Amino acid sequence: MRAWSAPDVPPLPVRAPEVRVHDSATGGLVELVPPSGVARMYVCGITPYDATHLGHAATYVAFDLLNRAWRGAGHDVRYVQNVTDVDDPLLERATATGEDWVELAERETELFRTDMEALRVLPPSAYVGAVEAIPLVVTMIEQLQKAGAVYPVGRDLYFSVTADDTFGSVSGWDRDQMLAIFAERGGDPDRPGKRDPLDCLLWQGEDLEARPDDPAWDSSLGRGRPGWHIECSAIARDHLGAGLDVQGGGSDLVFPHHEMSASEAQVAEPDVRFARAYVHAGMVALDGEKMSKSKGNLELVSRLRGQGVDPMAIRLALLGHHYRSDWEWTAADLAGAVDLLGRLREAVAAPTGAEAGPVIEAVHRALATDLDAPAALAVLRDWADSTLAGAGDEAGAGKVVADLADAALGLRL
Ligand SMILES: Nc1ncnc2c1ncn2[C@@H]1O[C@H](COS(=O)(=O)NC(=O)[C@@H](N)CS)[C@@H](O)[C@H]1O
Ligand SMILES: [Zn+2]
């Protein structure tokens, strides 16, 4: 599947330090020096409807910071992202709005691409849809069958979580916590015939009585469609190989999605840990509740853009919050970002300014420390304030700071 066009990344005169990020599995900071020299990151993509809300945008900007921090430290990055272009929530939305589910997915994926371009998010090297990945999914399920980790319930196939003795190591949750949230996030703990309530769906067999409108594909497993978690295990393994550096997404994916994806991949490739770090972005709320499609409390990037809001002001507002924090989107947030954007642009346009060298070093250090964009913005704001107050006489400082803001933060000033 086509990704989107890449913004240019201006070269900087100095190399950034190696980046350390918080790993959900260990609860600590992990230094992400890619052993293979090429950083490999899988970030879960959208389920293409109600795109691109500001929660989506905040999460993809967060991983864009990691992508840029790796590049700033001199590493190439192989970044893979999926599109969950077949799954229950998408089919339900298509039915509810009377749309063809394929057209809905294509339209919303295209809107997402244009929003990512406007926000200057670097595109993935591979952008893979669940539908196009069905052969990869079937192959991985066949491997899991050989490992004895698959069993049927009716027409469907389930993954047996007891097949993986590291199950639970991504979230660190105990069974009660898992059981409490599993049903809310797509699980079916109470389905009769399952060996363990936490076992998850791998393949949903076609059932023309119960779900006559559902799409289905022929496979060695029979006619059906893939479950959610296995899609990411299979796409990541195929496009990045086992032992990738980061599996990423919003914090609502820690369990069951990333736990199950890792377990399935690890049973398929027992000797290698699926990812060296599991990185999760906080939840953005609106009107007091997490922005979510089911609640419909959404602010869309495209709506703001349609109102003439500069996408760089949207990006700046997102960067003002630490990527792991949960926070509330407000109009005041955006207004503050519009104002700061104006000040930064005025300062970098000044013929001389305060010394740029220390700004590069401080911004790089902030981002290398768990992607601390708010700290990086404070450095830029201080530089702009002193430059606009007439301090410093370094000719060309503005150009250097503008290149830094672009390369490290994706902000085109
Ligand atoms: N309110 C929110 N704040 C921050 N991130 C969010 C929010 N809502 C969703 N996300 C993140 O946005 C990404 C896409 O979410 S999604 O459209 O629901 N799609 C999925 O979660 C699956 N397609 C992943 S394979 C996920 O990483 C999710 O965690
Ligand atoms: Zn995923």
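See the structure printed just above.
Residues numbered from 1 in each chain as written. Chains lettered and ligands numbered in written order. Predicted model: local features only at pLDDT ≥ 70, side-chain atom pairs only at ≥ 80, totals over all residues. Heavy atoms only, no water.

> Which parts of the structure should I look at to understand the pattern of salt bridges?
In a structure, side chains of opposite charge can pair up when their charged atoms sit close to one another. Evaluation of the coordinates by the stated rule reveals 34 salt bridges. With its nearest N and O atoms 2.8 Å apart, the salt bridge here joins Asp-8 to Arg-412. With a gap of 404 residues between them, Asp-8 in the segment before strand 1 (20–23) and Arg-412 in the segment after helix 13 (397–409) connect regions that are remote in the sequence. Note on Asp-8: relative accessible area 46%, which makes it partly exposed. Between Arg-120 and Asp-406 there is a salt bridge, and its shortest N-O distance comes to 2.8 Å. Remark: Asp-406 occurs in helix 13 and Arg-120 occurs in the loop between helix 3 (101–118) and strand 5 (126–129); sequence separation between them is 286 residues. Arg-120 sits in the buried class, given a relative accessible area of 11%. (Salt bridge = Lys/Arg side-chain N within 4 Å of Asp/Glu carboxyl O. Helix = DSSP H or I, 4+ residues; strand = E, 2+ residues; numbered from the N terminus. Buried < 20%, exposed > 50% of the residue type's maximum accessible area, 1.4 Å probe, protein only.)

> Explain the site of ligand 1 here, please?
Around ligand 1, the structure places 24 residues, and the nearest of them are Gly-45, Thr-84, Asp-252, Met-291 and Lys-293. Within the backbone of Gly-45, one N or O atom sits 2.8 Å away from a nitrogen atom of ligand 1. A distance of 2.9 Å separates a nitrogen atom of ligand 1 from a polar atom in the backbone of Met-291. The protein chains hide 95% of the 600 Å² of surface that ligand 1 would expose on its own. If you tally residues by element for the shell around ligand 1, the top one is helix 1 (residues 54–72), at four residues. (Near = heavy atom within 4 Å. Polar contact = N/O pair within 3.5 Å; in protein donor to acceptor, adjacent residues only side chain to side chain. Areas by Shrake-Rupley, 256 points an atom, 1.4 Å probe, with all protein chains shown as cover.)

> Please clarify how the nonpolar core should be interpreted in this entry.
One broad rule of soluble globular proteins: the nonpolar side chains tend to lie buried together. In terms of nonpolar packing, the biggest core is built from 80 residues, with Leu-66, Trp-329, Leu-380 and Leu-409 touching the most fellow members. Per-element accounting of this core gives the leading share, 11 residues, to helix 1. The residues contacting Trp-329, other than those within four sequence positions of it, are Leu-54, Val-284, Ala-285, Leu-286, Met-291, Glu-299, Leu-304, Ala-317, Leu-318 and Leu-334. Core analysis: the second largest hydrophobic core is formed by 45 residues, Cys-44, Ala-126, Ala-149 and Phe-167 among them. (Core = buried A, V, L, I, M, F, W, Y, C linked by side-chain atoms within 4.5 Å. Contact = heavy atoms within 4.5 Å.)

> Can you help me understand the coordination of the zinc ion (ligand 2) in this one?
In a perfect tetrahedron of four donors around a metal, the angles come out at 109.5 degrees. In a perfect octahedron of six, they are 90 or 180 degrees. Bound to the zinc ion (ligand 2) are the protein donor atoms Cys-44 (SG), Cys-232 (SG) and His-257 (NE2), situated 2.0 to 2.2 Å from the metal. Around the zinc ion (ligand 2) sit four donor atoms; with metal-centred angles ranging over 101 to 120 degrees, the donor geometry is tetrahedral. If you list the donors of the zinc ion (ligand 2) from N- to C-terminus, the spacing comes out as C-x187-C-x24-H. Taken together, the residues Cys-44 in the loop between strand 3 (38–43) and helix 1 and His-257 in helix 7 (residues 254–268) connect sequence positions 213 residues apart. Here His-257 falls in the buried class, since its relative accessible area comes to 1%. (Donors = N, O, S within 2.8 Å, 3.2 Å for Na, K, Ca; no water. Tetrahedral: all angles 85-135°; square planar, octahedral: opposite > 155°, others 65-115°.)

> Whenever I open this one, the sheet that holds strand 6 (residues 150–153) confuses me. Can you help?
Where strands meet in a sheet, backbone hydrogen bonds hold them as pairs that are either parallel or antiparallel. Taken together, four strands build an open sheet; the order of strands is 6-7-8-9 and the sheet is antiparallel. Among the strands making up the open sheet, the edge pair consists of strand 6 and strand 9 (224–226). Recorded for the sheet is a direction-independent mean angle of 30 degrees between the axes of neighbouring strands. Here strand 8 (residues 200–205) runs beside strand 9; their pairing, made up of three bridges, is antiparallel. When the sheet's bridge partners are listed, Gln-204 is paired in strand 9 with Arg-225. Lying on the sheet, helix 4 (residues 134–146) is in contact with strand 6, strand 7 (156–159), strand 8 and strand 9; it crosses strand 8 at an angle near 120 degrees. (Pairing = 2+ DSSP bridges. Axes fitted to C-alpha atoms, helices over the stretch in contact; angles between N-to-C directions.)

> What's the story with the packing of aromatic side chains in this structure? I'm lost.
When we look at a pair of aromatic rings, we describe it by the centre distance and by the angle of the planes. This structure, assessed with the given rule, holds nine aromatic pairs. With a centroid separation of 6.2 Å and an interplanar angle of 25 degrees, the aromatic rings of Tyr-151 and Tyr-158 are classed as stacked. In this structure Tyr-151 comes out as buried when scored by relative accessible area, which is 2%. Joined through ring pairs, the aromatic side chains of Trp-4, Tyr-60, Phe-112 and Tyr-127 make up one cluster. (Phe/Tyr/Trp six-rings, centres within 6.5 Å; stacked < 30°, edge-to-face > 60°.)

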